[in-house]
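Coordinate inspection notes
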Amino acid sequence: MRIDVGSRAGSYAVQIAPGESRRLHQLLSALAPGARVVVVSNGLVWRLLGDRLAQLTSEEPILLPDGERFKNLLTVGKVYEGLIRARADRGTVVVAVGGGVLGDTAGFAAATFLRGLPLVQVPTTLLAQVDSSIGGKVGVNHSAGKNLIGAFYPPRAVVIDPETLSTLPRREFRAGLYEVIKYGVIASRSLFERVSTNLSQLFARDTEALSPAIAESCEIKARIVEGDELESGARRTLNFGHTVGHALEAATKYRRFRHGEAVAYGMLAAAAIGARRGTIPGPDREALATLIRTMGPLPAVTDLPASQLLEAIGRDKKIVNGRLHFVLPGPIGSTQIVDDVTPEEIAHALAAIGIPNP
Ligand SMILES: NC(=O)c1ccc[n+]([C@@H]2O[C@H](COP(=O)([O-])OP(=O)(O)OC[C@H]3O[C@@H](n4cnc5c(N)ncnc54)[C@H](O)[C@@H]3O)[C@@H](O)[C@H]2O)c1
Ligand SMILES: [Zn+2]
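Residues numbered from 1 in each chain as written. Chains lettered and ligands numbered in written order. Predicted model: local features only at pLDDT ≥ 70, side-chain atom pairs only at ≥ 80, totals over all residues. Heavy atoms only, no water.

For the rest of this paragraph, the subject is the side chain of Gln-15. Mapping Gln-15 onto the fold places it in strand 2 (residues 12-16). Every residue in contact with Gln-15, bar those within four places of it in the chain, is listed here: Met-1, Arg-2, Glu-20, Leu-27, Val-158, Val-159 and Ile-160. (Helix = DSSP H or I, 4+ residues; strand = E, 2+ residues; numbered from the N terminus. Contact = heavy atoms within 4.5 Å.)

In structure tokens:
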């Protein structure tokens, strides 16, 4: 399956198929014949998946430390050093193999080294396969905030091999699956229903269930970012569940939740507001809550101070001209963006997910 994504810098293909990572060398020789290839990965991912990419290059991979706390400029510096050691030139292709942290970091290094090296993303977590590898956002964190430093830098290609997810820890997998559910809620009732009925096959990493779910998610993200590459309008619908989700992550210093888990709570909170306003039908809200509950436990939230969360939401970067844009669910498969959600409504939504009012 192939999805083409248009961008200002030209369009790129997202290739999705079981075993696709083993064919990467063929794809690269078509895309950039004769080009040098430098792989950037981390030790864990390279140990698990390196043999699949053995034909790609004889150069040593640049291996970065693993973890969100290493998604910073110091690590970007390590990539630059590796590229200098490899005598990379303008034509050298950077192949980023790993989760979202690796793709964002290596992607930012590729975007800036020699003012930009061709970049190929090989995402290996579900979150990276359905979200971070598509859309061209790359970047790193600063101690003053997450993703503060970055660029829009579309890759030349994205190669998604659902087989690589077989080694992903269940919690990581589930965290990515909440984003798939997000795509269903905002844009596709059939995707939502397919995930609901295929949960056990998905968790078993059955590629026959995974491939179409990943492909449809990529398709949805691709169509949305294409229409709004620089995030001024439609791309905001992708933030469904993220207003409260980001506040939960920030309030717990990014330590308690996997991003998708916080988004799961955020979707439930947005659905509570939507239900009260009548944007989402009762049975649809119930279906969302049931699906999220069936997927497994989420970290506790009952101890979190509502006042602190309200404050964090007030600081949300999606505020434009002093107004907080909030994505509410419509009937599953649709959204409404509003800018008049009151603190009282947010407090009610927090209560609905188990966080008592101040
Ligand atoms: N650029 C974007 O548009 C965008 C969008 C969403 C999220 N992000 C970023 O993505 C990051 C989160 O990415 P993530 O959820 O993939 O986390 P991650 O990159 O930290 O990966 C999670 C863990 O899984 C490991 N792993 C990766 N592939 C594996 C595999 N196949 N088998 C076993 N283990 C594997 C990783 O090494 C890591 O330890 C955040 O930094 C977030 O800001 C970026
Ligand atoms: Zn997200």
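Here the focus is the coordination of the zinc ion (ligand 2). Donor atoms from the polypeptide that bind the zinc ion (ligand 2) are Glu-179 (OE), His-242 (NE2) and His-259 (NE2), placed at 2.0 to 2.1 Å. Motif for the zinc ion (ligand 2), donor spacing along one chain: E-x62-H-x16-H. Of this pair, His-242 sits in helix 10 (residues 242-251) while His-259 sits in helix 11 (residues 259-277), and the two are 17 residues apart along the sequence. (Donors = N, O, S within 2.8 Å, 3.2 Å for Na, K, Ca; no water.)

To continue, consider the packing of aromatic side chains. In the structure shown here, the tally under the stated rule is 3 aromatic pairs. Positioned over the ring face of Phe-173 is Arg-205, at 4.2 Å from the centre of the ring. (Phe/Tyr/Trp six-rings, centres within 6.5 Å; stacked < 30°, edge-to-face > 60°. Lys NZ or Arg CZ within 6 Å of the ring centre and 35° of its normal.)

This part covers the site of ligand 1. By nearness alone, 27 residues border ligand 1, and Asp-66, Glu-68, Thr-124, Thr-125 and Thr-167 come closest of all. Take Thr-164: an N or O atom from its main chain is 2.9 Å from a nitrogen atom of ligand 1. Contact with the protein chains removes 88% of the 870 Å² of surface that ligand 1 exposes when unbound. When residues of the shell around ligand 1 are traced back to their parent elements, those giving at least two are helix 2 (43-49), helix 4 (100-112), helix 5 (126-132) and strand 8 (145-152). Residue composition of the shell around ligand 1, by class: 8 nonpolar, 9 polar and 10 charged. (Near = heavy atom within 4 Å. Polar contact = N/O pair within 3.5 Å; in protein donor to acceptor, adjacent residues only side chain to side chain. Areas by Shrake-Rupley, 256 points an atom, 1.4 Å probe, with all protein chains shown as cover. Nonpolar A, V, L, I, M, F, W, Y, C, P; charged D, E, K, R; others polar.)

What follows concerns the pattern of salt bridges. What the rule picks out here adds up to 21 salt bridges. In this structure, Arg-23 and Glu-20 form a salt bridge, with 2.9 Å as the shortest nitrogen-oxygen distance. What makes Glu-20 buried here is its relative accessible area of 12%. In this structure, Arg-277 engages Asp-340 in a salt bridge whose closest nitrogen and oxygen atoms are separated by 3.0 Å. In this pair, Arg-277 sits in helix 11 while Asp-340 sits in the loop between strand 13 (335-338) and helix 14 (343-352), placing the two residues 63 residues apart along the sequence. Residue Arg-277 is classed as partly exposed on the basis of its relative accessible area of 31%. A residue is classified by how much of its surface remains accessible, and Asp-340, at 42% relative accessible area, is partly exposed. (Salt bridge = Lys/Arg side-chain N within 4 Å of Asp/Glu carboxyl O. Buried < 20%, exposed > 50% of the residue type's maximum accessible area, 1.4 Å probe, protein only.)

Once that is clear, we can look at unusual backbone geometry. For Leu-114, which is not a glycine, the phi torsion comes out positive at approximately 50°. Along the chain, Leu-114 turns up in the loop between helix 4 and strand 6 (119-123). For Leu-114, a relative accessible area of 37% puts it in the partly exposed group. Notably, Tyr-254 is not glycine yet its phi reads approximately 60°, a positive angle. In this fold, Tyr-254 is placed in the loop between helix 10 and helix 11. According to the relative accessible area criterion, Tyr-254 is partly exposed, its value standing at 41%.

On to the nonpolar core. One broad rule of soluble globular proteins: the nonpolar side chains tend to lie buried together. In this structure, Val-14, Leu-177, Leu-248 and Phe-326 are the most contacted members of the largest nonpolar core, which totals 77 residues. Top element by residues in this core is helix 11. It accounts for 11 residues. When sequence neighbours within four positions are dropped, the list of residues in contact with Leu-177 reads Leu-126, Val-195, Leu-199, Leu-202, Phe-203 and Met-295. Residues Val-79, Val-94, Ala-106 and Ala-110 belong to the second largest nonpolar core, which totals 23 residues. (Core = buried A, V, L, I, M, F, W, Y, C linked by side-chain atoms within 4.5 Å.)

Bringing the sheet that holds strand 6 into the picture now. Taken in spatial order, the 7 strands line up as 1-2-9-6-5-3-4 in an open sheet, and their pairing is mixed. Unpaired on one side and paired on the other, strand 1 (2-5) and strand 4 (62-64) mark the two borders of the sheet. Neighbouring strand axes in the sheet, compared pairwise and without regard to direction, differ in orientation by 15° on average. Where strand 5 (residues 93-98) and strand 6 come together, 5 bridges link them in parallel fashion. Among the inter-strand pairings, Val-95 is bridged to a residue of strand 6, identified as Val-120. Sitting on the sheet, helix 9 (residues 207-227) is in contact with strand 1, strand 2 and strand 9 (157-160), with an inclination near 15° to strand 1. (Pairing = 2+ DSSP bridges. Axes fitted to C-alpha atoms, helices over the stretch in contact; angles between N-to-C directions.)

A word on helix 1 (residues 24-31). Listed in full, the buried residues belonging to helix 1 are Leu-24, Leu-27 and Leu-28. An end-on view of helix 1 places all buried positions within 100° of arc, on one side of the element. (Arc of directions from axis to C-beta.)

Note that all results are geometric; they support no functional claim without further evidence.
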